[in-house]
Amino acid sequence: GSGSSCRALPGEESRSLLPKASLLQILRDGGAQEKVFTLKEVMHYLGQYIIVKELYDKQRQHIVHCQDDPLGELMEVESFSVKNPSPVYEMLKRNLFNLNV
Ligand SMILES: COc1nc(N(C)C)ncc1-n1nc2c(c1C(C)C)[C@H](c1ccc(C#N)cc1)N(c1cc(Cl)c[nH]c1=O)C2=O
């Protein structure tokens, strides 16, 4: 980074996350056209992907079933709750390069 102590204003954070190929395809299916993202954008397109493909449980809508979906390959779980962020962030650690380091 520039080494300055001041932080970008919210929403001005620089795009510095480069998804690996299989995550990028999922973000594309969620409507992304970029190649480099902010974390907020990655979460947005992942969310769109889940909603558009209706991967959520119709009865318990905070549960995402991904065992038969490319998302499940990345998440390495068959299902997860949107209330528990850790599997999502673990997956992102495995599938994003941070260019700002
Ligand atoms: C099944 O989910 C939903 N279903 C409904 N229905 C009406 C059926 N409405 C909202 C949600 N929903 N709640 C949350 C999220 C969503 C959608 C956008 C998937 C996002 C989110 C969750 C997982 C990933 C991944 N891979 C990416 C984003 N999310 C977040 C999860 C995390 Cl870890 C951080 N920030 C978030 O906004 C939530 O809390």
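The structure contained in this document is the topic of the report that follows. (Residues numbered from 1 in each chain as written. Predicted model: local features only at pLDDT ≥ 70, side-chain atom pairs only at ≥ 80, totals over all residues. Heavy atoms only, no water.)

## Some remarks on helix H2 (residues 39-52)
Convention followed: Under the scheme used here, helices are H or I runs from DSSP no shorter than 4 residues and strands are E runs no shorter than 2 residues, and both carry numbers assigned from the N terminus. A helix is expected to reach a length of 1.5 Å times the quantity of its residues less one. To sort residues, take the accessible area from a 1.4 Å probe on protein chains only and compare it with the maximum for the residue type: under 20% means buried, over 50% means exposed, and anything in between is partly exposed.
With 14 residues, H2 ought to run about 20 Å at 1.5 Å a step, and its terminal C-alpha atoms sit 20 Å apart, in line with that. Where H2 is concerned, the buried positions are Glu41, Val42, Tyr45, Leu46, Tyr49 and Ile50. After H2 finishes, the residue glutamate 54 shows a positive phi value of roughly 50°.

## Here's the deal with the site of the ligand
To keep things clear, this is the line we draw: If even one non-hydrogen atom of a residue comes within 4 Å of a molecule or strand, that residue is called near it. Note on areas: Shrake-Rupley with a 1.4 Å probe; residue coverage comes only from the protein chains shown. Just so you know the grouping, Ala, Val, Leu, Ile, Met, Phe, Trp, Tyr, Cys and Pro go in nonpolar, Asp, Glu, Lys and Arg go in charged, and all remaining residues, Gly too, go in polar.
Taken together, the neighbourhood of the ligand is formed by Met43, Leu46, Gly47, Ile50, Ile51, Tyr56, Gln61, Val64, Val82, Pro85, Val88 and Tyr89. Calculation on the ligand without its partners gives an accessible area of 760 Å², and the protein chains cover 66% of this total. Secondary structure elements with two or more residues in the shell around the ligand: H2 and helix H4 (86-95). When residues in the shell around the ligand are grouped by element, the largest group, five residues, is from H2. For the shell around the ligand, a count of residues per class yields ten nonpolar, two polar and no charged.

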